[in-house]
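Spelled out from the first residue to the last, the chains are:
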Amino acid sequence: MAALRTALHGRLAQALPLSFGSLRFASYFKASDLVIERNAVCKPKPDPSALVFGKQFSDHMLTINWSVKGGWEAPRIKPFQNLSLHPASSALHYSIELFEGMKAFRGADNHIRLFRPMLNMERMHRSAERSSLPLYDKGELLECIKKLVELEQEWVPFSQDASLYIRPTFIGTEPSLGVSPPGEAMIFVIVSPVGPYFATGSFSPVSLLADPSFVRAWKGGVGAYKMGGNYGATIAVQNEAVKRGCQQVLWLYGEQEQITEVGTMNLFIYWTNEDGEKELFTPPLDGIILPGVTRQSLLDLARTWGEFKVTERSMGMQELLAALDAGKVLEVFGAGTACVVCPVGSLLYGGTTYQIPTMQNGPDLAMKFHKELADIQYGRKASEWAPLVV
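Because the structure is a prediction, the values reported are computed rather than measured.

Engineer: Please provide a residue-by-residue account of the overall build of the protein, values included.
Structural biologist: Each helix and strand in the protein was counted, giving 10 helices and 18 strands. Relative to the 2.2 N^0.38 estimate, which gives 21 Å for 390 residues, the radius of gyration of the protein is 22 Å and therefore close to what a compact globule would have. Referenced to the eigenvectors of the C-alpha coordinate spread, the extents of the protein come out at roughly 65 × 60 × 40 Å. A burial count over the protein gives 51% of its 390 residues as buried. Within the protein, counting contacts between residues at least 6 apart in sequence, those at least 24 apart form 72% of the total.

Have a look at this one:
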């Protein structure tokens, strides 16, 4: 009998995810238990044409607390306020935290839509599991977020050049200096009206620094998860790029100097491949690439169009430089929630600046992607990708 118990325990341990969350955190919160406390004094709404990314916040926030003893508490929407954290909270010391980035859009019909929100919920859930934070029902969290957006609907800009940025965040709050899974945690969601990624609203190309001495993520690490530590550590490299006359960083990895991401965006290259075919490719989800929602959307659109080959594969710097030298590269662009699509105009590598003909080629494909997604997000084109909130 003891041998049987040992065998069963071994099989169970192999099946458990990294956070062993399926056993530890069995009870979930429900959106039907949501408690709403309205702010008695609401702020005036900002002018959509004067918005700066992430600097202004709405009147309310969503919080959901958890403890190993009591499980999940009822979700609460309450007046926007500062958090009160113990100085030994695990998020402050060991970066036991993660976040998401998503948007709500006011359409031409005045309805408010999200954009593929379950992809964000699924990614957040994976990040929670990897962070040893308590698990929860993804659909219930999304329903709570929808309620927050509905309550704050006047904060969704009356503009089709702006949107409401939604920032779900998950932190360990246990007051302990021990390095271990937290016994207390909190999900909170804040929202912020934001304008276009570029201050001018234009489709402006960026310049990239590619320096193999800087690495964003590595195999077996956490590059595929949306954790704050993946971002804070890049600021110094971003500053170095600016010092060298560039705006963003092209992150390289390994002996082959594999191209991975650009700044905080996924990378796409549209070129004529060795077989003479038009091809769009992006690095594969191999553990060092964040599975972006916009990334997935561009791949899905391109495969639906069927106009060119679509590939997820690795490419080293030398292959990219050879393709540039041969005139095969047509467009290079980043993709992410903040800017949707961001064209790349030049690349600084090994002391040499390489021009990329993205803008000389329209950029037809990047602009087509941008228009297609914007039409869906703002309700100009009907799509199941953009569920109504209100």
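Engineer: Report on the packing of aromatic side chains, specifying residues and quantitative values.
Structural biologist: The tally for this structure, following the rule as stated, stands at 15 aromatic pairs. Centre to centre, the rings of Trp305 and Phe369 are 5.1 Å apart; their planes meet at 20 degrees, and the pair counts as stacked. Within this pair, whereas Trp305 is found in helix H8 (residues 293–305), its partner Phe369 is found in helix H10 (residues 364–377), the two being separated by 64 residues in sequence. Looking at Phe369, the relative accessible area reads 0%, which means it is buried. Chaining the aromatic ring pairs together yields one cluster made of Phe29, Trp72, Tyr136 and Phe170. Here the guanidinium or amino end of Arg313 rests over the ring plane of Phe281, the centre of that ring lying 4.8 Å away.

Engineer: Which residues make up the pattern of salt bridges, and what values do they have?
Structural biologist: Scanning the model with the defined rule gives 16 salt bridges in all. For Arg116, the salt bridge identified is with Asp300, shortest N-O distance 3.0 Å. Taken as a pair, Arg116 in the loop between strand S7 (112–114) and helix H4 (117–130) and Asp300 in helix H8 lie far apart in primary sequence, 184 residues in all. Using a relative accessible area of 15% as the deciding quantity, one classes Arg116 as buried. Between Lys368 and Glu307 there is a salt bridge; the shortest N-O distance is 2.8 Å.

Engineer: Mind laying out helix H9 (residues 317–325), listing which residues take part and the relevant values?
Structural biologist: Every buried residue belonging to H9 is among Met317, Leu320, Leu321, Ala323 and Leu324, and all of these are buried. All buried residues of H9 fall inside an arc of 160 degrees around its axis, so they share one side. Projecting away from the buried face of H9 at angles above 90 degrees are the exposed residues Gln318 and Asp325. Contacts made by the buried residues of H9 are with strand S11 (248–253), strand S12 (258–262), strand S13 (265–272), strand S16 (329–336), strand S17 (340–349) and strand S18 (352–355). After H9 finishes, the residue Gly327 shows a positive phi value of roughly 75 degrees.

Engineer: Describe the confidence of the model for the protein, listing the residues and the values that go with them.
Structural biologist: Mean pLDDT for the protein: 92, with 92% of residues reaching 70 or above. For residues 1–25, every residue scores under 50 in pLDDT, and the model assigns this stretch 25 contacts once sequence neighbours within four places are set aside.

Engineer: Summarise the pairing of strand S6 (residues 102–106); cite the residues concerned and give the values.
Structural biologist: Along S6, 5 of the 5 residues are buried, which leaves the element largely enclosed by surrounding structure. Residues Met102, Ala104 and Arg106 point to one face of S6 and Lys103 and Phe105 to the other, with burial holding for every one of them. Pairing between S6 and S7: 3 bridges, direction antiparallel. When the sheet's bridge partners are listed, Arg106 is paired in S7 with Ile112.

Engineer: Outline the nonpolar core, listing residues and values.
Structural biologist: With 37 residues, the main nonpolar core has Leu62, Tyr136, Leu141, Ile166, Phe170 and Ile187 as its most contacted residues. Those elements giving two or more residues to this core turn out to be strand S2 (60–67), S6, S7, H4, helix H5 (138–151), strand S8 (163–172) and strand S9 (184–194). Counting residues per element, this core draws most heavily on H5, at 7 residues. With 27 residues, the next largest nonpolar core counts Phe115, Val293, Phe308 and Leu330 among its residues.

Engineer: Tell me about the environment of Cys42, residues and numbers included.
Structural biologist: If you trace the backbone, Cys42 turns up in the loop between strand S1 (35–36) and S2. The spatial distance from the C-alpha of Cys42 to the C-alpha of Leu388 is 25 Å, given a sequence separation of 346 residues.

Engineer: Report on the packing of H4 against H5, specifying residues and quantitative values.
Structural biologist: Two elements in contact, H4 and H5, have axes whose closest approach is 10 Å; the angle formed by their N-to-C orientations is 125 degrees. As far as their axial angle goes, H5 and H4 are oblique. Between H4 and H5 lies a crossing whose hand is right-handed. Judged by residue contacts, Pro117, Met118, Met121, Glu122, Met124 and His125 of H4 engage Lys138, Leu141, Leu142 and Ile145 from H5.

Engineer: Residues and numbers for the packing of H8 against H10, please.
Structural biologist: A pair of packed helices is characterised by two quantities: the angle between their axes and the separation of those axes. One can describe the packing of H8 onto H10 by two numbers: an axis separation of 11 Å at closest approach and a directional angle of 105 degrees. Here H10 runs roughly perpendicular to H8, going by the angle between their axes. Residue-level contacts link Thr294, Ser297, Leu298, Leu301, Ala302 and Trp305 of H8 to Leu365, Lys368, Phe369, Glu372 and Leu373 of H10. Here the contact of H8 with H10 is built from residues that sort into 7 nonpolar, 2 polar and 2 charged.

How each quantity is defined
- Residues numbered from 1 in each chain as written.
- Predicted model: local features only at pLDDT ≥ 70, side-chain atom pairs only at ≥ 80, totals over all residues.
- Heavy atoms only, no water.
- Helix = DSSP H or I, 4+ residues; strand = E, 2+ residues; numbered from the N terminus.
- Rg over C-alpha atoms; globule rule 2.2 N^0.38 Å.
- Buried < 20%, exposed > 50% of the residue type's maximum accessible area, 1.4 Å probe, protein only.
- Contact = heavy atoms within 4.5 Å.
- Phe/Tyr/Trp six-rings, centres within 6.5 Å; stacked < 30°, edge-to-face > 60°.
- Lys NZ or Arg CZ within 6 Å of the ring centre and 35° of its normal.
- Salt bridge = Lys/Arg side-chain N within 4 Å of Asp/Glu carboxyl O.
- Arc of directions from axis to C-beta.
- pLDDT = per-residue confidence, 0-100.
- Pairing = 2+ DSSP bridges.
- Core = buried A, V, L, I, M, F, W, Y, C linked by side-chain atoms within 4.5 Å.
- Axes fitted to C-alpha atoms, helices over the stretch in contact; angles between N-to-C directions.
- Parallel < 35°, antiparallel > 145°, perpendicular 65-115°, else oblique.
- Left-handed = near helix turned anticlockwise from the far one by under 90°.
- Nonpolar A, V, L, I, M, F, W, Y, C, P; charged D, E, K, R; others polar.

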